[in-house]
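The lines below spell out each chain.
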Amino acid sequence: MTARRPLIAGNWKMNGLRADGLALAGELAKRMKAKGKAPFEMLVCPPATLIREVAQTVAGSGVLVGGEDCHAKASGAHTGDISAAMLADAGCTHVIVGHSERRTDHGESDATVKAKAAAALGNGLVAVVCIGETEAERDAGKTLEVNARQVAGSVPDGATAANLVIAYEPVWAIGTGRTPTAPEVQEVHAFIRKELAAKIGAAEAAGVRILYGGSMKPGNAKELLALADVDGGLIGGASLVADDFWAIAQSCP
Ligand code: PEP
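Note that this is a predicted model, so its numbers are computed, not measured.

A. Molecular detail of the sheet that holds strand β8 (residues 232–235). The strand order β1-β2-β3-β4-β5-β6-β7-β8 describes a closed barrel built from 8 strands, whose pairing is parallel. Averaged over neighbouring strand pairs, the angle between their axes works out to 25° when direction is ignored. Alignment of strand β1 (residues 7–11) against strand β2 (residues 41–45), held across 5 bridges, turns out to be parallel. Across the sheet, the residue bridging to Leu7 is Glu41, located in β2.

B. Region of the structure containing the site of the ligand. Near the ligand you find 14 residues, and of these Lys13, His99, Glu169, Gly175 and Ser215 are the closest. Here Gly175 contributes a backbone N or O atom positioned 2.6 Å from an oxygen atom of the ligand. At 2.8 Å from an oxygen atom of the ligand is found a main-chain nitrogen or oxygen belonging to Gly236. Relative to its unbound accessible area of 290 Å², the ligand is 97% covered by the protein chains. Here the residues of the shell around the ligand are counted per class, giving 4 nonpolar, 8 polar and 2 charged.

C. View of the pairing of strand β6 (residues 164–168). Most of β6 sits out of view: 5 of its 5 residues are buried. Here β6 shows no split at all, with Leu164, Ile166 and Tyr168 on one side and Val165 and Ala167 on the other all buried. In terms of strand pairing, strand β5 (residues 126–131) meets β6 through 5 bridges, oriented parallel. Note on β6: the bridge partner recorded for Ile131 is Tyr168. Across 4 bridges, the pairing between β6 and strand β7 (residues 209–213) is parallel. The residue of β7 that forms the bridge with Tyr168 is Tyr212.

D. Geometry of the side chain of Ser251. In this structure, Ser251 sits in the segment after α11 (242–250). Residues within four places of Ser251 in sequence aside, it is in contact with Ala221, Lys222 and Leu225.

E. Representation of unusual backbone geometry. Backbone geometry places Lys13, a non-glycine residue, at a positive phi of 55°. Here Lys13 shows up in the loop between β1 and α1 (18–35). One non-glycine residue, Ser215, adopts positive backbone phi at about 55°.

F. Up close: the environment of Ala203. On the secondary structure map, Ala203 appears in helix α9 (residues 202–207). Along the sequence, Ala203 and Ala9 sit 194 residues apart, while their C-alpha atoms lie 24 Å from each other.

G. Representation of the packing of α1 against α11 in the model. Viewed as axis vectors pointing N to C, α1 and α11 meet at an angle of 35°, and their least axial separation amounts to 10 Å. Considering only the axes of α1 and α11, their crossing is right-handed. Contacts between α1 and α11 pair Leu24, Glu27, Leu28, Arg31, Met32 and Lys35 from the former with Ala242, Asp243, Phe245, Trp246 and Gln250 from the latter. Tallied by class, the residues present in the contact of α1 with α11 amount to 6 nonpolar, 1 polar and 4 charged.

Rules and cut-offs
- Residues numbered from 1 in each chain as written.
- Predicted model: local features only at pLDDT ≥ 70, side-chain atom pairs only at ≥ 80, totals over all residues.
- Heavy atoms only, no water.
- Pairing = 2+ DSSP bridges.
- Helix = DSSP H or I, 4+ residues; strand = E, 2+ residues; numbered from the N terminus.
- Axes fitted to C-alpha atoms, helices over the stretch in contact; angles between N-to-C directions.
- Near = heavy atom within 4 Å.
- Polar contact = N/O pair within 3.5 Å; in protein donor to acceptor, adjacent residues only side chain to side chain.
- Areas by Shrake-Rupley, 256 points an atom, 1.4 Å probe, with all protein chains shown as cover.
- Nonpolar A, V, L, I, M, F, W, Y, C, P; charged D, E, K, R; others polar.
- Buried < 20%, exposed > 50% of the residue type's maximum accessible area, 1.4 Å probe, protein only.
- Contact = heavy atoms within 4.5 Å.
- Left-handed = near helix turned anticlockwise from the far one by under 90°.

Pasting the structure below:
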């Protein structure tokens, strides 16, 4: 089996003023430095206002920094948006695209997400492409169909094991304290890898990290991260508490 180094990624969303964000980043950087060679990669995705200083705070620690979104275009009249090049310039190595909150709050389609992911790749960033079914879709037995459609529609041309991460985030599990069962998570992750293989080839798909996201906590992380096709987590709420985020990272097999 292709060795995939787990990625533990924190999505801070619209949380954190300067003092809190830098304290959190500093604490994580301190722990990563003390750990030395960690068996996992750690990524934090702060609000745009904090990216530059968080990147400076974690420099040299091994903690990576990512954006929460980017625009598909390189520049221009897009008030309030941020380009992939701007994120890279501010110190990012990664960017989340297609989070369900973007898909819902901003009406982002698979085509939009694909264009954003392409912009990320074009600027040397790793695209963390989020997919996942709603509760109604799961109840209707459409989980695999929806995730297949999102993989097909959201993954850009030129995606490889090195520049693509998929985050499977059942929408109904985000911020709710609910998660699918471990066998359900493994079933969807294995299915996503199969769909990815059809799109980018089996060899690349075997190396792509597929993260689970949706109410991952210190109490359930060990079971989820032990699953064969789960290669880390995209963590919202628990990523805002250094002890919780660190405990999740420590749960990597
Ligand atoms: C998320 O928003 O990506 C997420 C997984 O949130 P939470 O961990 O809070 O469910």
